[in-house]
Amino acid sequence: MSYNIAIGGDHAGYTYKKALIKLLIDLGHEVQDFGPGSEESVDYPDHVHPLAKAVVKKEADFGVLICGSGNGVAMTANKYPQIRAALCWLPELAKLSREHNDANVLCIPARFVSEKDAEEMVKVFLTTEFEGGRHQKRVNKIADC
Ligand SMILES: O=C(CO)[C@H](O)[C@H](O)COP(=O)(O)O
């Protein structure tokens, strides 16, 4: 299955973003890069809001966000009720975020995971299906506040 992937973050995630874009293209996905375009210091919300809006409008199937800790990008993306952004630091967590939480955005803490694990997380995130069942009603309740 090939997807349209929106990717973005901040200066701390720039190097990983470049590597992940190459991986995604090699895997046959389409990629929309929401920046930044260099390692110059930026404010992550400036890149996350446009990406989140693209996912909400279904202009992208999934999002991948990378900053230093992963927290800032996750907090920003999760402001949107239709976004379920998962902060993951192990491939198993990325898998569970799809199986149990139907995550549509993967958030990666570049300063705390290896590039290899970041790549593994992206691969498993995009090849794992939501299980539905008992998890569906819980996911429905996330935005019910
Ligand atoms: O992780 C982050 C947000 O959650 C940022 O990448 C981090 O805060 C950037 O820090 P600095 O400006 O010191 O490079």
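Parameters and conventions
Residues numbered from 1 in each chain as written. Predicted model: local features only at pLDDT ≥ 70, side-chain atom pairs only at ≥ 80, totals over all residues. Heavy atoms only, no water. Helix = DSSP H or I, 4+ residues; strand = E, 2+ residues; numbered from the N terminus. Rg over C-alpha atoms; globule rule 2.2 N^0.38 Å. Buried < 20%, exposed > 50% of the residue type's maximum accessible area, 1.4 Å probe, protein only. Contact = heavy atoms within 4.5 Å. Areas by Shrake-Rupley, 256 points an atom, 1.4 Å probe, with all protein chains shown as cover. Lys, Arg positive; Asp, Glu negative; His and termini not counted. Charge placed at Lys NZ, Arg CZ, Asp CG, Glu CD. Axes fitted to C-alpha atoms, helices over the stretch in contact; angles between N-to-C directions. Parallel < 35°, antiparallel > 145°, perpendicular 65-115°, else oblique. Left-handed = near helix turned anticlockwise from the far one by under 90°. Nonpolar A, V, L, I, M, F, W, Y, C, P; charged D, E, K, R; others polar. Pairing = 2+ DSSP bridges. Right-handed = clockwise from strand over helix to strand, strands pointing away. Near = heavy atom within 4 Å. Polar contact = N/O pair within 3.5 Å; in protein donor to acceptor, adjacent residues only side chain to side chain.

With respect to the overall build of the chain
Along the chain, the regular secondary structure elements total six helices and five strands. Listed N to C, the secondary structure of the chain is β-α-β-α-β-α-β-α-β-α-α in terms of helices and strands. Since a compact globule built from 145 residues should have a radius of gyration of about 15 Å, the 14 Å found for the chain is in line with a globular shape. Counting only C-alpha atoms, the chain reaches 45 × 30 × 30 Å along its principal axes. Considering the chain as a whole, with its 145 residues, one finds that 49% of them fall into the buried category. Long-range contacts, defined as pairs at least 24 residues apart, comprise 70% of the intrachain contacts of the chain with a sequence gap of at least 6. Carbon and sulfur atoms form 51% of the exposed surface of the chain, whose accessible area is close to 7,500 Å². One way to put it: in the chain the 17 positive side-chain charges average out to a point 6 Å from where the 20 negative ones average out.

Focus on the packing of helix 1 (residues 14-26) against helix 5 (residues 115-127)
Interaxial distance between helix 1 and helix 5 falls to 10 Å at its minimum, and their mutual angle equals 45 degrees. Here helix 5 runs oblique to helix 1, going by the angle between their axes. Relative to helix 5, helix 1 is oriented so that their crossing is right-handed. Facing Tyr16, Ala19, Leu20, Leu23 and Leu24 of helix 1, the residues of helix 5 in contact are Glu115, Ala118, Glu119, Val122, Lys123 and Leu126. Counted by class, the contact of helix 1 with helix 5 contains eight nonpolar, no polar and three charged residues.

Regarding the pairing of strand 2 (residues 30-33)
Judged from the four bridges that link them, strand 1 (residues 4-9) and strand 2 form a sheet pairing that is parallel. The partner of asparagine 4 across the bridge, within strand 2, is glutamate 30. Crossover connection from strand 1 via helix 1 to parallel strand 2: handedness right-handed.

Examining the site of the ligand
Around the ligand, a shell composed of Asp10, His11, Ala12, Tyr44, Cys67, Gly68, Ser69, Asn71, Gly72 and Arg111 is seen. One nitrogen or oxygen atom from the main chain of serine 69 is found 2.8 Å from an oxygen atom belonging to the ligand. In the environment of the ligand, an oxygen atom lies 2.9 Å from a nitrogen or oxygen atom belonging to the backbone of glycine 72. Burial of the ligand by the protein chains amounts to 61% of its free accessible area of 380 Å². Looking at the shell around the ligand residue by residue, the classes come out as three nonpolar, five polar and two charged.

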